[in-house]
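Examining the three-dimensional arrangement
As a plain string of letters, each chain reads:
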Amino acid sequence: MSTEIIRVPDIGGATDVEIIEISIAVGDTIEVDQSIIVLETDKASMDVPSSMAGKVKSISVKEGEKVSEGDEILIIEVEGAEESAPEAPVEDPAPEKSAEKAPASSSSSEEKVSVPDIGGATDVEVIEVCVAEGDMVEEGDSIIVLETDKASMDIPSPFTGKIAKISIKVGDTVSEGADILVLTTESSSVAPAAKEEKAEEPKSSAPAAASASGGVESVKVPDIGGAEGVEVIEVAVAAGDKVQEGDSIIVLETDKASMEIPAPKSGTVKSVSIKVGDKVSEGDLVLELEVEGGSEVPAPAPAAEKATSAPTEKPKASAEKSAPAVDQSAVLSEPSKKVHAGPAVRMLARELGVDLSLVRPTGPRGRITKEDLHAYVKAAVQKVASAPAGGVATGSGLPTVPDQDFSKFGEVDVVKMSKIQRLTAQNMVRNALVVPQVTQFDKADISDLEAFRKGLKGEMEKQGVKLTPLPFLIKAVAQAMVANPSFNVSLMADGESYVQKHYVHIGIAVDSPAGLVVPVLRDADKKSVVQIAKEAGELIKKALDKQLKPADMQGGCFTISSLGAIGGTGFTPIVNCPEVGILGVSKADVEPRWNGKEFEPRTMLPLCLSYDHRAVNGGDAGRFMTFLNSLLSDVRRLSL
Ligand code: CAO
């Protein structure tokens, strides 16, 4: 038994780097390679692994402190003096394994993996090499992490196989086409069949193939409003499941909405071709369905073969898919001492407020992937939705709601939130926590506007247009946005710039049966009040009929949330990030107003303007509100 000091290793020349996490405690028994601290510069975060195994005697640093190469991190008690290896932390302990290279399979082949299209970025730094020579990787596993000053990118393996050689190291800078590694892919017996078949499936299972395979039909992603590369957040079925026409088979999610894709017919799922996290567009193959009433038994031909001849692919795929839908195993019951995750995952975890030590890792070498994080958040959400006495998470997966058994106090029901409600909850938490917002209040004298509107209302109704105060508000807000462009911006992720928009698209918060949705009315500054009333009416109808497409809800610059028809004198709406402003509208009422000589009854409309104080100053907001008020108080100005 001897004591050794573990110091900060070579961290690419960076100095005074902040410790954002200490992953171990005094008394812990740690292993070689276990993450002991996490460092973060303004560009990247780095796990510092332990170079030896043993028991932590003392820790010499604290979270928030700054360190450089050679600084003491901790003192460790090492069993067996000869085991104390010198500090060589970043590289993986794989050299001996290189002897096992060339797996001697009769038909294995070597594939070169190079940096894919990374959006034109050049000389991008490798901040993490997630694999070591000799490791087995699955297609899609992260192999390296690159980081520019804007973002970090996990580069996935394009094949399944064994790493024969790694050509780059942490700190290298790379561009598209640079060699990353050489992979020995197994192409013997079962695997190639499965692989080829998977690649062929989408083509061979077009409608014509359906009749040829005795009632097996390909179910593809339907029209999703032109949205492309939409993420699959849930796969609700697995091979072998029976589904009824209309049953949800997958759930897609854009940043604005989630969509359940229903089964077009009743039948038995033969195989599922996508998994959670995949990105899909219209026409992509979702699954093969043995349609009810079709010739099920007599066709051991293609469809039946698929189920049996590809065991390495299919059962695994279905296990992967069914797991996140109900599985709580994504959540560890005890915090893990060893947290291994790339910077992109750490950043996402911080954004979501997730404690990574509670996330079950499934990546190579115990690495937490983005999918693990999503599975964790999903499990947390499901837990609260399904367990009357066990809920500990809010809709966002944040562990902030106390676990209570309300049935002790009286009769209760547990009601599952709709997808939109859950999404809204997540967005609200993010917007409320991330956006420093202020709300300003005012009242607009809309007596003249109301007289004008009521005079026109009947005429408009005959044309099928409902003229409420809302279209006037949309028009006025659009004009106020043009006059006050500081409200028509979005902050950029780099924290150093913002996007100034030269179009004015206004979101309308609609209290729909599925939850709160925000369709977007385009170019409101260029349209007349009547045209706005017509289009807003159509969008609201679509929202109420659950017919909105993702494209209908994208591109908003500012949101109006009107509770005017419901009541209230004011509220504090939450900014719909990345927009920087939202107008809450309450119920107009007749109030006595002093005109200099006497009190006069005037119709006053309460306005509540919330804004992102990072983008908009109080003065800008005051000017915006005053301008808006002047437009609403003098309806003639709206037509200018
Ligand atoms: N003051 C007084 N009356 C108002 C009013 C106001 N501010 N706004 C609307 N009204 C009146 C309308 O004029 C209409 O009466 P008439 O038919 O006699 O003219 C009546 O209320 C019903 O209006 P409406 O609800 O049909 O239409 P709308 O254009 O006012 O609102 C919509 C449409 C979609 C904005 C609303 O239905 C809605 O869903 N609001 C909820 C928004 C929400 O939930 N926001 C989230 C709050 S937290 O951020």
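I will try to describe carefully the structure that is included in this document. All values reported here derive from a predicted model rather than from experimental measurement.

Here's the deal with the sheet that holds strand 11 (residues 136–137)
To summarise the sheet geometry, strands pair through backbone hydrogen bonds and adopt either a parallel or an antiparallel arrangement. Pairing in this open sheet of four strands is antiparallel, and the strands run 9-16-14-11 from one edge to the other. In this open sheet, the two strands that pair with only one neighbour each are strand 9 (109–114) and strand 11. Here four bridges tie strand 14 (residues 161–166) to strand 16 (residues 179–185), and the two strands are oriented antiparallel to one another. Within the sheet, the bridge partner assigned to Lys 162 lies in strand 16 and is Thr 184.

Quick look at helix 7 (residues 419–434)
Compared with an ideal rise of 1.5 Å per residue, which puts 16 residues at 22 Å, helix 7 spans 22 Å between its outermost C-alpha atoms and is within 8% of the ideal. All buried positions along helix 7 are accounted for by Lys 419, Ile 420, Arg 422, Leu 423, Thr 424, Ala 425 and Asn 431.

Describing the site of the ligand
Residues in close proximity to the ligand total 22 residues, the closest being Lys 466, Thr 468, Ser 561, Ser 562 and Ala 588. At a separation of 2.9 Å, an oxygen atom of the ligand approaches a polar backbone atom of Asp 511. Measuring from a nitrogen atom of the ligand, one finds a side-chain N or O atom of Ser 561 at 2.8 Å. Only helix 8 (447–462), helix 9 (469–483), strand 31 (510–512) and strand 34 (558–562) provide two or more residues apiece to the shell around the ligand.

A closer look at the pairing of strand 6 (residues 54–59)
Across two bridges, the pairing between strand 3 (residues 29–30) and strand 6 is antiparallel. Considered in strand 6, the bridge of Thr 29 is made with Lys 55. Note: strand 6 against strand 8 (residues 72–78), four bridges, orientation antiparallel. Bridge pairing in strand 8 places Ile 59 opposite Leu 74.

Let's talk about helix 8
An α-helix turns once per 3.6 residues; consequently, residues spaced three or four apart project the same way. With 16 residues, helix 8 extends 24 Å from end C-alpha to end C-alpha; this agrees with the ideal 22 Å at 1.5 Å per step. Along helix 8, the sharpest change in direction is near 40 degrees and occurs at Leu 456. One or two positions beyond helix 8, positive phi appears at Gly 464, with a value near 80 degrees.

Details of the packing of helix 9 against helix 10 (residues 529–544)
Orientation of helix 9 relative to helix 10, taken along the N-to-C sense of each, is 115 degrees, at an axis distance of 9 Å. Classified by the angle between their axes, helix 9 and helix 10 sit roughly perpendicular to one another. Helix-helix and strand crossings are classified by hand; for helix 9 and helix 10 the assignment is right-handed. Of helix 10, the residues touching helix 9 (which contributes Leu 470, Pro 471, Phe 472, Ile 474 and Lys 475) are Val 529, Ile 532, Ala 533, Ala 536 and Ile 540. Class assignment of the residues belonging to the contact of helix 9 with helix 10 gives a composition of nine nonpolar, no polar and one charged.

A word on the pairing of strand 36 (residues 589–594)
For a regular strand, side-chain orientation follows a simple rule: the groups alternate between the two sheet faces. Here strand 36 runs beside strand 37 (residues 599–612); their pairing, made up of six bridges, is antiparallel. Within strand 37, the residue paired with Glu 591 across the bridge is Arg 602. Linking two consecutive strands that pair antiparallel, namely strand 36 and strand 37, is a turn of four residues; a positive phi of about 110 degrees is found at Gly 596 within it.

Conventions and cut-offs
- Residues numbered from 1 in each chain as written.
- Predicted model: local features only at pLDDT ≥ 70, side-chain atom pairs only at ≥ 80, totals over all residues.
- Heavy atoms only, no water.
- Pairing = 2+ DSSP bridges.
- Helix = DSSP H or I, 4+ residues; strand = E, 2+ residues; numbered from the N terminus.
- Expected span 1.5 Å × (residues − 1).
- Buried < 20%, exposed > 50% of the residue type's maximum accessible area, 1.4 Å probe, protein only.
- Near = heavy atom within 4 Å.
- Polar contact = N/O pair within 3.5 Å; in protein donor to acceptor, adjacent residues only side chain to side chain.
- Bend = angle between axes of the 7 residues up to and from the residue.
- Axes fitted to C-alpha atoms, helices over the stretch in contact; angles between N-to-C directions.
- Parallel < 35°, antiparallel > 145°, perpendicular 65-115°, else oblique.
- Left-handed = near helix turned anticlockwise from the far one by under 90°.
- Contact = heavy atoms within 4.5 Å.
- Nonpolar A, V, L, I, M, F, W, Y, C, P; charged D, E, K, R; others polar.

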